[in-house]
Amino acid sequence: MTTTTATATAQAATPATPAARPAKTEVRQPKALPAPNSDFYEVYETLNSEELATVKQVRAFMEAKVAPVITKYWVDDAFPFELLPAVKELGIGGLGMKGYGCAGGSVALLGFVQMEIARTDPSFSTFMGVHVGLAMGSIYIDGSEEQKQKWLPPMARFEKIGCFGLTEPLVGSGASGGLLTTAKREGDTWVLNGEKRWIGNAPWCDVSIIWARDLADNQVKGFIVENKTTPGFSVEKIENKIALKVVQNGHITMKDVRVPEANRLQGGDSFRDTAKVLKMTRYAVAWMATGCAMGAYEAALKYAQERMQFGKPIGSFQLVQDLLAKMIANITASQCLITRQAQLHAEGKLTDAHAALAKAFCTAKCRETVAWARELLGGNGIVADYKAARFFADCEALYSYEGTYQMQNLIIGKAVTGFGAFV
Ligand SMILES: Cc1cc2nc3c(=O)[nH]c(=O)nc-3n(C[C@H](O)[C@H](O)[C@H](O)COP(=O)(O)OP(=O)(O)OC[C@H]3O[C@@H](n4cnc5c(N)ncnc54)[C@H](O)[C@@H]3O)c2cc1C
């Protein structure tokens, strides 16, 4: 898909000698340069016309409404609540999920939309990833029919916003090996005790999916907690982050939080069921990381076309072109990989290792790409106003959340060798 960014024009280089200058009567036209376009292999053409229209609508929203204001929110560590009504209008709540008021559509469309959102702002795509992928996804994948009917429609309409509480202060990568947050059944009620850390949307959302270890059988179970009204549930906002600053992450404390059995995810009996949700969200993070790299590349390319040094646009220097070529190669490789990932997903063949490979590869390539973008902007690359810096910082969180690079590689390593090497 071509960008709507205005075609860049570079000022012509000043010729080195007067003799080389054009005659006074000759009018030199500004050279029209290619507009930055991170769809080098035309992967957007794999979408049908209806899907492409949705992606274009999302791009228009992100460029018109989000791009002009997001840097200020990022710098201020604040979430743009003012944009939520317009997000509701986009009709993308529950993309990839069928029924229950969800937007439906293909898993490829879900991926492209997440890539598109991250191309303008990785924080915004993370907000969507937490609410739709993790919170709604837990109910969609592990909930009973009644639970889906009750919770998914208002969440798809963004009337109730969700979060997903798995990580704890003392248990991160090792979540599958034993959570410290406990769940104790007392009749038709569960009593939750423990802490959760890093939980996106938690400081302000309505519904928390809390994963806790059942004291009776030591298995992980999921609970839907209405956090604003449940006694014993408190959230403290995590301050001073240097990445995804628009996303509000919370440190949750639960002291004798009582949840009815009706709010226990009825299809979730062990960590294997939690992992089903993580497979889907790792699928999406690979798209988001690719979008993050696209945004950084396009910003860097535009800068390279406009920034003059030694009397020439820096984009005309060989070493700068080398950086840009490496960036677009990383992006193109990631796009091709995730497009195939979407085919595997649609065919019901996506494994944990497939999703882990996509997440690990795309976030690592994103990390390389955003660093080159930052480098290309020189000093301006560390100033948030020039965009590249925001993508550069945000990528660090994409690289580590939803399972770190090392944990993804251990999942791949187990699949290819047959040996589990987690501990
Ligand atoms: C911005 C952000 C948003 C997040 N949002 C959420 C959320 O909404 N919900 C949620 O539940 N969690 C969330 N997380 C938590 C995230 O998933 C964890 O940070 C991540 O899983 C890593 O856990 P940890 O930070 O405790 O690191 P640790 O597990 O302590 O790991 C530290 C380092 O040790 C390495 N390591 C650990 N074990 C091994 C091993 N066996 N072999 C090799 N290396 C190993 C890791 O790869 C890493 O480099 C979020 C995190 C961030 C930063």
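Each remark here, short or long, concerns the structure printed above.
Owing to the predicted nature of the structure, the values given are computational and were not obtained by experimental measurement.

I would appreciate a short explanation of the packing of helix α6 (residues 271-306) against helix α9 (residues 388-400) in the present structure.
For any two helices packed against each other, one specifies the inter-axial angle together with the distance between the axes. Here α6 crosses α9 at 165°, and the two axes come no closer than 10 Å. If you check the angle between α6 and α9, you find them roughly antiparallel. At the point where α6 passes α9, the crossing takes the left-handed sense. Along the contact surface, α6 presents V285, M288, A289, C292, G295 and A296, while α9 presents F391, C395 and L398. When the residues that make up the contact of α6 with α9 are grouped by side-chain class, the tally is eight nonpolar, one polar and no charged.

What is the right way to read the site of the ligand from this model?
In the region of the ligand, 19 residues are neighbours, and T167, S173, T404, Q406 and F422 sit closest. Contacts to the ligand include E402, whose backbone N or O atom sits 3.5 Å from an oxygen atom. In this structure, F422 approaches the ligand through a main-chain N or O atom, which is 2.7 Å from a nitrogen atom. Bound to the protein, the ligand loses 66% of the 980 Å² it would expose on its own. When residues of the shell around the ligand are traced back to their parent elements, those giving at least two are β5 (189-200), α9 and α10 (405-417). Here the residues of the shell around the ligand are counted per class, giving nine nonpolar, nine polar and one charged.

Any chance you could explain the pattern of salt bridges here in plain terms?
Pairs may arise between side chains of opposite charge once their charged atoms sit close together. This structure, assessed with the given rule, holds 23 salt bridges. Between E168 and K196 there is a salt bridge; the shortest N-O distance is 2.9 Å. Taken as a pair, E168 in the loop between β3 (162-165) and β4 (182-186) and K196 in strand β5 lie far apart in primary sequence, 28 residues in all. Considered together, E168 and K196 belong to a single accessibility category, that of buried residues. E186 is the salt-bridge partner of R258, the closest N and O atoms lying 3.1 Å from each other. Separated by 72 residues along the polypeptide, R258 in strand β9 (residues 249-260) and E186 in strand β4 bring together distant segments of the chain. Exposure remark for E186: the relative accessible area of 37% places this residue in the partly exposed category.

Definitions and limits used
Residues numbered from 1 in each chain as written. Predicted model: local features only at pLDDT ≥ 70, side-chain atom pairs only at ≥ 80, totals over all residues. Heavy atoms only, no water. Axes fitted to C-alpha atoms, helices over the stretch in contact; angles between N-to-C directions. Helix = DSSP H or I, 4+ residues; strand = E, 2+ residues; numbered from the N terminus. Parallel < 35°, antiparallel > 145°, perpendicular 65-115°, else oblique. Left-handed = near helix turned anticlockwise from the far one by under 90°. Contact = heavy atoms within 4.5 Å. Nonpolar A, V, L, I, M, F, W, Y, C, P; charged D, E, K, R; others polar. Near = heavy atom within 4 Å. Polar contact = N/O pair within 3.5 Å; in protein donor to acceptor, adjacent residues only side chain to side chain. Areas by Shrake-Rupley, 256 points an atom, 1.4 Å probe, with all protein chains shown as cover. Salt bridge = Lys/Arg side-chain N within 4 Å of Asp/Glu carboxyl O. Buried < 20%, exposed > 50% of the residue type's maximum accessible area, 1.4 Å probe, protein only.

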